[in-house]
Amino acid sequence: MRHILCVLVIFMSFIQADIFCQPKDTVIVKKNSQKDGLSSYNIRKIIQDKWSFIWIATQDGISRFDGKSFINYSKNSSPGKKISGSEVREVIEDSSLHVIWALSSEGGVDAISTVNAKVERTIHIPTQGQEDYNLSMLKYGDELWIGSSTGVRIYNCQKNSFIQNLPLPENRNNTIDFAARSIQQDEYKNVWVCYGGYGIVIYQASTKAILKTIRLPQLSHQKGIKEIRIPKGIFLKSGEVLFATTQGLRKIYYNKNYQINVNISPCESVSRMNHENIDWITVDAGNSLLISGFNNLYRFNYALNKCQIINEVSRTGEGNWLSAVLCVYKDKSGNTWLGCQEGLGYIDKNKAPFNPYGYELTSNIKLDHVFAVNPIDGNNILVGLRNGLVEINKNNGRYIQFDKGHLYQHIFTDSKRLIHISRPDGLFIYQKGKITPIHEIYSEFLPYRFYSINSHLFINDTLTVLGTEINKGILLWNPVKKKVRSIDVNGSPSLASSIVNNIFRDTQGRIWVLSDYVITILSADLRSKKEIELKDKSSGTPYRLFFDMCETDGSYFIASYGFGILQVNRDFSVKRVFNTQNGLSNDGVYQIYSLRGNELLVTSNNGLSRINLNTSKISRYYLGDGLHSNAFEEVSGLMAEGKIYAGGVNGFTVINPAAFSTNTTPPKLYFTGVEMKTATGKTDTSNILMDALKIPNDVIQTTIHFAGLNYTNPERTSYAYRIIEESNNWIENGNQATLALISHPPGNYTLEVKAANEEGVFSKPIKLQLYFQPKWYQTIWFRFLVVLLLGILIYQFYRFRIRQLQHEHNIRQRLARDLHDDLGSTMNSINIYTNMAIMESGTNHYLTNIKQGAQESIASIRDIIWILDDQKDTITQLAERINQFASPLCSVNKILFTYSIDPVLIDHVFQKEEKRNLYLIIKEAINNSIKYAQPKHITLSFVWKNRKLLVDISDDGTGFDPNQQKRGNGLSNMERRADEIQYHYKIDSSSQTGTTIRLVKH
């Protein structure tokens, strides 16, 4: 009898749980696991720092999450990301120091900067043996209370030392486990330490004295219990705390003097909560609690007498993450973060307008491709698949499949509540799992029993219009008179096309039959028609493939596959087109639903679009927002009881238009890091407070990273930037949270970045001052030196040109002087001789003198012309000129004249002054030799010796003693001319050897 009673009690407990905890809330859980970059599964704790980044403690380190990417810290990470232990049991933010304190079970406490995301220091914890490991932590003022398997140690952050261990309520022995599993602080600033083998001890935080103890027997239903683990406690209100324990929920009431009242069965409505293991509790929105335990996540009110099981949307290939929730966290915005055994889960604070159906784990039924969906009553939905028919119970989420061999194209319920289903092989009636040919219920369909349909319209009790799938036009069914007739391209009225994609009734009662290339509008009395073809106003291109339409805001809106949504005026002209260019998710549109008079909801083969007709703003929704998938089907959907049922690939979605909301919160935007690449490597810098950056001149590429924190829809966070010194226009950066800067000229730049959420709501721009350091050749001092050098060069060139002009002027003066002295005197002599010849008789000797003077003048003029000729400046041309002068003269005087040139000097070029003076010196020397020395041989040689030019004019004449010989104008002129062109002049002469004049260029 006792066993029967126990069974009955257990049975009634399960019944009670089912009564009070019906699955009433289905949520979309966004999931991140190791494959997404999370450090590990089995999450121990989740917090959000002051900058809104999420920190996740796992069994293999800790991760920082910005909604899209993770930064991981572990025992084996690189410097800056390396922490002291593997399993992180607790994380606490110290906002005053801008750090996260991370407690490892077998390591120490690591301080991770929330600003630069680097490990700044490690506190090494003294242990009492191999079995001493860390479990919990609390920050109280400047103190860290660190709970371990042997008690609680207190570390003073200001003194950087452990100051004491908490006193235990009694001496430690082998029978009592003083593992401090959790530590909480109450409103009186006193600390509750939960020892697994003892109970709860309340300490005065300032003095560390024991104020109260609550022993295990006070917390347990069972006698002789030796351990109750308490992972979490929350203070609901003053004087009331609720604990999650391995024995169930425990509520403790207390006052300022710590008079204690323990309720070991606080949850009267669901008794399992008082006995089963509870993993976590936290406060939810609206004075409710989230409680994780025995394979479920629950929502309770504070009184614990109302309960709701939270179910997640099942998707193919995904397990039930809510069956093992180890911790729960509510962030600053009210969103829920779940630490699960499989990874990190996220539930948005706003109830999604979407409830997708696609997979049921228990039956393993997958809705691979939904062609038709219809709610058949308040609890059940009938779904037509590509390969079967499935009935879904909305209350328990169970799927039942009745057929696997047929394609079901369309489902609707008639006025008698009979369910019509259409397959390629005909029309049928569905009744509680039984499928009956339609003509056995409605005999009037006998001639049309093999027709298949894709759409229907209820006109009134006596008329239902059906659109055929087999290109047979439409069927008019009068269920009262039990008659069916067809309208196609023949008869009167007739359709413009037998192809029917959909049918629609406007506010005037007219029936629109949508075909591929044309639309037929039948009058309300079905006696007349109008055919319309829609074309682009500018190009004349015809629109086609009309799949659905609606009427609102004084216009018709028609889905034209491949073109978008056409807004058509009453005169059937196209007013405007909504397509991907102005924000539509895809131009391959299927169905249109009118919402609240000024909005449209459009399905497509890539997402769902909500169009606001007043503002023309388009919001887009995809799989990540809660849809069954991104792909819908042509006529798979309907609106019923204020909900839209829209199907397609991998299932269907029940859409609640009233739940649509606009995310008006812009992302929180930070610069998260800078990577600078050089020819030899790269450097990384991270600082979310960074506002200025100096970029060295050897950097090839600078990559700036930023993060816009938008946990609601992180994949669709977009960015824009501008560099003010280059342009005031914003440049779209898409979803890329990085910006690469290459080959920027040196100088100061102001980079501005802004982020937008999925609704296009932008954050305030953040600024980063960039200074690109110049390369050495771009610096001011280098430019100054270049300018200075250029100035010097210009000045030197100017001086050189002045000297050159002065030199040329001097040459001209000398030439003028020579012309005056030489040619002038000769011409004057000619003039005198001419006058004498005129005045005297027998003047032949005067004529001879005149001839000689003219010849000398001509020779002088030729010499001057030769000196000025730029093409005759080489040493060879000088020697030839002298040879032309000397050879005839020497020949007349029976003297041999020879000259030689060192081969090295063949192409040697003289300056004008140098050529002139050398010519005159050599000419004077030869003339003097012929006049005074009586030589037999005169030689001229040009030699290159010791990198110097030597010019020798020698004869074998009588010679003279240079020291005794009075120097005439000729010798003095030669020496002066040599000095002018910087030649050393030397004369050697004797009666035995003759005379040699040597010219050596300095």
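Everything discussed here concerns the structure shown above.
Residues numbered from 1 in each chain as written. Predicted model: local features only at pLDDT ≥ 70, side-chain atom pairs only at ≥ 80, totals over all residues. Heavy atoms only, no water.

Before going further, it helps to examine the packing of helix α6 (residues 912-933) against helix α7 (residues 969-980). How two helices pack is summed up by the angle between their axes together with the distance between the axes. Close contact between α6 and α7 brings their axes to 9 Å; oriented N to C, the two are set at 155 degrees. As far as their axial angle goes, α7 and α6 are roughly antiparallel. In terms of crossing hand, the pair formed by α6 and α7 is left-handed. Where α6 approaches α7, its residues E913, R916, N917, L920, I921, E924, A925 and N928 are matched on the opposing element by G970, M974, R977, A978 and E980. Looking at side-chain class alone, the contact of α6 with α7 contains five nonpolar, three polar and five charged residues. (Axes fitted to C-alpha atoms, helices over the stretch in contact; angles between N-to-C directions. Helix = DSSP H or I, 4+ residues; strand = E, 2+ residues; numbered from the N terminus. Parallel < 35°, antiparallel > 145°, perpendicular 65-115°, else oblique. Left-handed = near helix turned anticlockwise from the far one by under 90°. Contact = heavy atoms within 4.5 Å. Nonpolar A, V, L, I, M, F, W, Y, C, P; charged D, E, K, R; others polar.)

Turning our eyes to something else, we now look at the side chain of D955. By the element assignment, D955 lies in strand β71 (residues 948-955). Here D955 sits buried without a salt bridge, and the closest side chain of opposite charge, K936, lies 13 Å off (N-O distance). Separated by 2.7 Å, the side chains of D955 and S929 make a polar contact. Not counting residues up to four positions away in its chain, the partners in contact with D955 are S929, A933, P935, H937, I938, T993, G994 and T995. (Buried < 20%, exposed > 50% of the residue type's maximum accessible area, 1.4 Å probe, protein only. Lys, Arg positive; Asp, Glu negative; His and termini not counted. Salt bridge = Lys/Arg side-chain N within 4 Å of Asp/Glu carboxyl O. Polar contact = N/O pair within 3.5 Å; in protein donor to acceptor, adjacent residues only side chain to side chain.)

General note: in soluble globular proteins, nonpolar side chains tend to be found buried as a group. Membership of the largest hydrophobic core comes to 46 residues, with the highest contact counts inside it found for I46, I56, I62, I112, W337 and L344. Apart from the residues lying within four places of it in its own chain, the contact partners of I46 are I54, W55, I56, C327, Y329, W337, L338, G339 and L344. (Core = buried A, V, L, I, M, F, W, Y, C linked by side-chain atoms within 4.5 Å.)

Before going further, it helps to spend a moment on the packing of aromatic side chains. Enumeration according to the criterion identifies 43 aromatic pairs in this entry. Measuring from centroid to centroid gives 6.3 Å for F235 and Y254, while their planes differ by 85 degrees, and the two rings are edge-to-face. Within this pair, whereas F235 is found in strand β19 (residues 232-237), its partner Y254 is found in the loop between β21 (248-253) and β22 (261-263), the two being separated by 19 residues in sequence. The exposure class of F235 is partly exposed, given its relative accessible area of 23%. Residue classification places Y254 among the buried residues on the basis of a relative accessible area of 7%. (Phe/Tyr/Trp six-rings, centres within 6.5 Å; stacked < 30°, edge-to-face > 60°.)

Between its first and last C-alpha, α6 extends 31 Å over 22 residues, near the 32 Å set by a 1.5 Å rise per residue. The positive-phi residue at the C-terminal boundary of α6 is Q934, with phi of around 50 degrees. (Expected span 1.5 Å × (residues − 1).)

Turning our attention to the pattern of salt bridges. Under the definition given, this model contains 30 salt bridges. A salt bridge links R299 to D25; the shortest N-O distance between them is 2.8 Å. Separated by 274 residues along the polypeptide, R299 in strand β25 (residues 296-301) and D25 in strand β1 (residues 25-27) bring together distant segments of the chain. On the basis of relative accessible area, R299 is assigned to the partly exposed category, the value being 22%. Judged by relative accessible area, D25 falls into the buried class, the value being 11%. D625 is the salt-bridge partner of R716, the closest N and O atoms lying 3.2 Å from each other. In this pair, R716 sits in the loop between β63 (699-709) and β64 (718-723) while D625 sits in the loop between β56 (618-621) and β57 (632-640), placing the two residues 91 residues apart along the sequence. Through salt bridges with shared partners, one network takes in D25, D284, R299, K330 and K351.

Remember that the coordinates give geometry; whether it matters functionally is a separate question.
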